[in-house]
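# An overview of the molecular structure
The chain contents come next:
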Amino acid sequence: YMRRAKTARFFEINRQSQTVVKLAPRVVANANSRRYVEKAIDTYELIQKRFPGFKQLDLVVFNNAFARQALGQEKEAERLYWNLIKNFRNSPLVPDCHLAIGEINFDRSNFSFALEHFNAIKRYPEARVYPYGLYKAAWTHYNLRDAEAALKKLEEVIAYGRYVAEKRIEQRLDLRKEALNDLTFFYEDARPAKEAFAYFKKQAGELDVAPIILRLAKLYEHHSRYVERQVVLSEFIKNLNDSPLVAEIHGELIWNYDSMKKKDLAVSEMEKLQKLCATGSSWLKKQKPSAEGVDPRESCLGILRDTTMKLAGRWLKIWKKNPKIAGDFAEAAEKAFAIYLQEPGEAQQVNEARFAYAELLFQRGKYRQASDEYARVSDQSQSKTLKHDASYAAVVSLEKAVGDKWSDKDEENFHSLATKYVEMNPKGTYRLDLEFKMALIAYEKSRYDEAAPTFLRLGKDYAKTEKGQRAQDLYLDILNLKKDYKGLRSYSLALSKVESDANRKIKLQKIHEQAFFLQIQAFEESKNFDDAIAGYKEFVNSNPKSELAEKAWWNAVQLHYKILDFSGGAQAAEQYFERFPKASNALDALLKAAQSYESLGQLEPAADVLSKIAKVEPKNAVKWNTLAADFYLLSNSTAKAKRLFAELKNQGDAKSRAEVLNKLLVLERRDGGSNYRAILEAVANAGLEPQASLARVEIVEDILKAGKATDAFNEAKRIVGASEASPLAKSRARMVQAKVLEDEFLRQSVKARAEKVATVLAIKTEKLEKAQQAFQQAIRYGDPNVTVESMRRLAGCYTHYVDALKKMPLPKGLTADDETAFRDEISQLVIPLEEKAIEPASVGPGSWAEAHKDSTAIEITKLTIRMR
């Protein structure tokens, strides 16, 4: 039944195996190990009851207990084991019962009780279970937290195993390997790591200690005791440096240092492993191929590659997550990649590793080295994607390494890499970038003829891209640098016509305008002034809203004057003002035009320009309009002159207004204008001397002409008495008074009776005297015209007086003799007066007036007395 139970158990375990099911499908389906064990137990119980004297009853009891233990009936099993121990003391199965009871209680964690039974086995050193009792006792001590006691027990197991081996006793009793393996658990808790190798070497004896040390190292790793693990592994290498496991130990140490966060030591260990794997190393010379025929060097390199590759990737990943605080990870990753790539493995993996290494170098600013690594990937990889990316990255890295200063060698290298990329990827994503950069380098080295065709093509083929537009800009710049303004003008205009972006269109238009402008300036520089003038004007007509339009027309103006074309310059200057009235040079342009017209004798156009200047410069408007009016007057444009003077008479200061009024007065006088009197009065009221007093005199003279002698005399008196009046005005005013007095003298009759003759003559003489005095005073003001007229009129007065006396009627009541005497007397009196009538015409006015200012009055007085 027990054998059947074993068979049934086999089928129960393998119910999922199709092979077993196929061989015995019904047996497998009906397998029930428990049923057979129960039948075996029933049989054991039957024997115990029916045959208590059976000589092998101890074996029946043991098997019954074992079967029950198998069914989990541990209490009944333990009772039966105890029964055997008590009732069959000499049975060879007693040690086995102690072992079974110990294991049952060990499983119950009743370690102290279990230990008693395990120790009881020591009384049976010849028993088959003896080493097992020691072994289980060791584990029981360990579970009782007595690792040192556990060590001692396993040392006994090892010693017994060595004894069994030496005596060639049953090999199953040699538990040294198991004990040595479990010994690592107890040693970890009880002893220091630095003594581990020596201890286990001693315990292992002739057995291989290497697996045991590795197991202990694994335990240290499992419990994160990396320092102890490092000690154990290092001791291994130190003491077993020829072991085939040395390469593996180096690998373990590398990972251990990483766990200890000592990446520098991990890298150092990688370098040691690399030397170990190197062809001709002392370690390799002592190694032999494995049973499977694996070459030791390849096995070593496998560890090296796997370790360096994994850690390099891991460190790189950590650094990428936080490059600012994980710089040492980047350094370690770089060194790990470098070690790996010195002993590369499978091609695709190597290329991927090299690409990652190049990426790391690039990110760490080692651009030139990165470029070399990228280039190797590009040359060696079979992956199109990797080949493409590496090819482009090699170029970009070289760009970063060089910066702005391209040596011929670097440029040659760049050209080679870029060309290779374009050839491998004619439709590559970065073709535009690389071709652009090649042209850009040539451009920056002033090889414009080399760069220009590429920029022109890229600008056309990639017009809608950023690089394409930049190529257009650089081509424009080349045209500018070569001073090909015609080409620059044409190309920028063509681009602007197809450009959809408003801002760029504006920029292109500005370039077009600047090129146009520079082209014209080239004419000017070559002294082709006529074409330059025409070009500047054409520029303005074509681009009236350009920022350069104002400057262009101004340049044209300047050139007109430069070639002495004053008429054209004046016209251009006027047009400049009309086109750009708010320009800073607008006033200067008008002034130039006015000066030019004046110098050419074209006074009316000059006056027109001056009128415009007056509007531009309102603070000086009076000055400019006055000058314009004068120019109109000089050019016989009287109507325009009068119109301007009329506007100006109420503008400016008093002096200006008075001057304008005087000019208007002259024009009105000359032309017989109807406004003459009004203007005259305005001049008089303006108060500016001498014009004001002269105007008032003229008004007084008009009053006199109108027959208003008294009014005229009184107004003239005010002028004569005014201190501010000019001498001329006073002279003429005194003349008015003299004329009034003269008229009174002339109208005074000398007809009278005899007794009234003296009175009449006295009155007549008095009036002559007043007139004479007025004329003499008028003469003293020094005006030649007034002096001459005064002298002429004085002579007239004297002549009139003589004639009046000569023709004076004889007074009534005189005898004939008296009449004769009267006539004789009158004749004698008239003679000196006749002389005086002649003298004023023949003597200088000043001297005569001074010499005769009193004599006339004396003669008249004498005459009057004699007549009395």
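As the structure is a prediction and not an experimental result, all values here were calculated from the model. (Residues numbered from 1 in each chain as written. Predicted model: local features only at pLDDT ≥ 70, side-chain atom pairs only at ≥ 80, totals over all residues. Heavy atoms only, no water.)

This paragraph deals with the packing of helix H9 (residues 130–143) against helix H11 (residues 176–190). Packing of H9 against H11 leaves a shortest axis separation of 11 Å and a crossing angle of 15 degrees. With respect to their mutual orientation, H9 and H11 come out roughly parallel. Remark: the crossing between H9 and H11 carries left-handed chirality. Contacts from Tyr135, Ala138, Trp139 and Tyr142 of H9 reach H11 at Glu178, Ala179, Asp182, Phe185, Phe186 and Asp189. Per-class residue counts for the contact of H9 with H11 are seven nonpolar, no polar and three charged. (Axes fitted to C-alpha atoms, helices over the stretch in contact; angles between N-to-C directions. Helix = DSSP H or I, 4+ residues; strand = E, 2+ residues; numbered from the N terminus. Parallel < 35°, antiparallel > 145°, perpendicular 65-115°, else oblique. Left-handed = near helix turned anticlockwise from the far one by under 90°. Contact = heavy atoms within 4.5 Å. Nonpolar A, V, L, I, M, F, W, Y, C, P; charged D, E, K, R; others polar.)

Next up on the list: the nonpolar core. Counting residues in hydrophobic clusters, the biggest one holds 100 residues, and the most contacted among them are Phe200 and Trp315. Sort the elements by how many residues they give to this core and helix H19 (residues 327–342) lands first, with nine residues. When residues no more than four places from it in sequence are discounted, the contact partners of Trp315 are Asp258, Lys263, Ala266, Val267, Met270, Phe329, Ala332, Ala333 and Ala336. Ranked by size, the runner-up nonpolar core spans 44 residues in total, among them Ala570, Ala583, Tyr597 and Val609. (Core = buried A, V, L, I, M, F, W, Y, C linked by side-chain atoms within 4.5 Å. Buried < 20%, exposed > 50% of the residue type's maximum accessible area, 1.4 Å probe, protein only.)

Given a rise of 1.5 Å per residue, 14 residues ought to cover 20 Å, and the 20 Å separating the end C-alpha atoms of helix H34 (residues 621–634) matches this to within 8%. Counting buried residues in H34 gives ten out of 14 residues, a clear majority hidden from the surface. Among the residues of H34, those classed as buried are Ala621, Val622, Trp624, Asn625, Thr626, Ala628, Ala629, Asp630, Phe631 and Tyr632. Within two residues after H34, Asn636 carries a phi angle of roughly 65 degrees, on the positive side. (Expected span 1.5 Å × (residues − 1).)

Let us now look at the packing of helix H4 (residues 33–50) against helix H5 (residues 57–70). Relative orientation of the contacting elements H4 and H5 amounts to 150 degrees, with a least axis distance of 9 Å. Judged on the interaxial angle alone, H5 and H4 are roughly antiparallel. Crossing hand, H4 versus H5: left-handed. Side by side, H4 and H5 meet where Val37, Ile41, Tyr44, Glu45, Ile47 and Gln48 of the first sit next to Leu57, Val60, Val61, Asn63, Asn64, Ala67 and Arg68 of the second.

On to the confidence of the model for the chain, then. Chain-level pLDDT for the chain is 84 on average; 89% of the residues reach the 70-or-more range. Segment residues 841–854: pLDDT under 50, and 18 contacts once partners within four positions in sequence are set aside and those in other chains are kept. (pLDDT = per-residue confidence, 0-100.)

This part is about the layout of surface pockets. Taken as a whole, the largest pocket spans an internal volume of roughly 230 Å³. As for the largest pocket, its lining consists of 13 residues, and the residues nearest its centre are Glu701, Arg732, Met735, Lys739 and Glu789. At the level of elements, helix H38 (691–705), helix H40 (727–747) and helix H42 (784–806) are the ones that each hand at least two residues to the lining of the largest pocket. Counting residues per element, the lining of the largest pocket draws most heavily on H38, at five residues. Looking at side-chain class alone, the lining of the largest pocket contains four nonpolar, one polar and eight charged residues. Quantified by volume, the second largest pocket comes out at close to 200 Å³. In terms of lining, the second largest pocket is formed by 15 residues, of which the most central are Pro244, Lys288, Ser290, Pro296 and Ser299. Secondary structure elements with two or more residues in the lining of the second largest pocket: helix H15 (246–259) and helix H18 (296–321). Here the lining of the second largest pocket takes four residues from H18, the largest share from any one element. (1 Å grid on protein atoms, 1.4 Å probe; cavity = no way out; pocket = protein on both sides within 12 Å on 5 of 7 lines; lining within 4 Å. Points joined across faces, edges and corners; volume = space filled by probe spheres on them.)

Looking now at unusual backbone geometry. Unlike most non-glycine residues, Ser109 shows phi in positive territory, near 65 degrees. Note on placement: Ser109 falls in the loop between helix H7 (94–107) and helix H8 (111–120). Taking the relative accessible area as the measure of exposure, Ser109 reaches 48% and is therefore partly exposed. Positioned with a positive phi, Leu564 is a non-glycine residue whose angle comes to about 65 degrees. Structurally, Leu564 is set in the loop between helix H30 (549–562) and helix H31 (566–579). By relative accessible area, Leu564 is classed as exposed at 60%.

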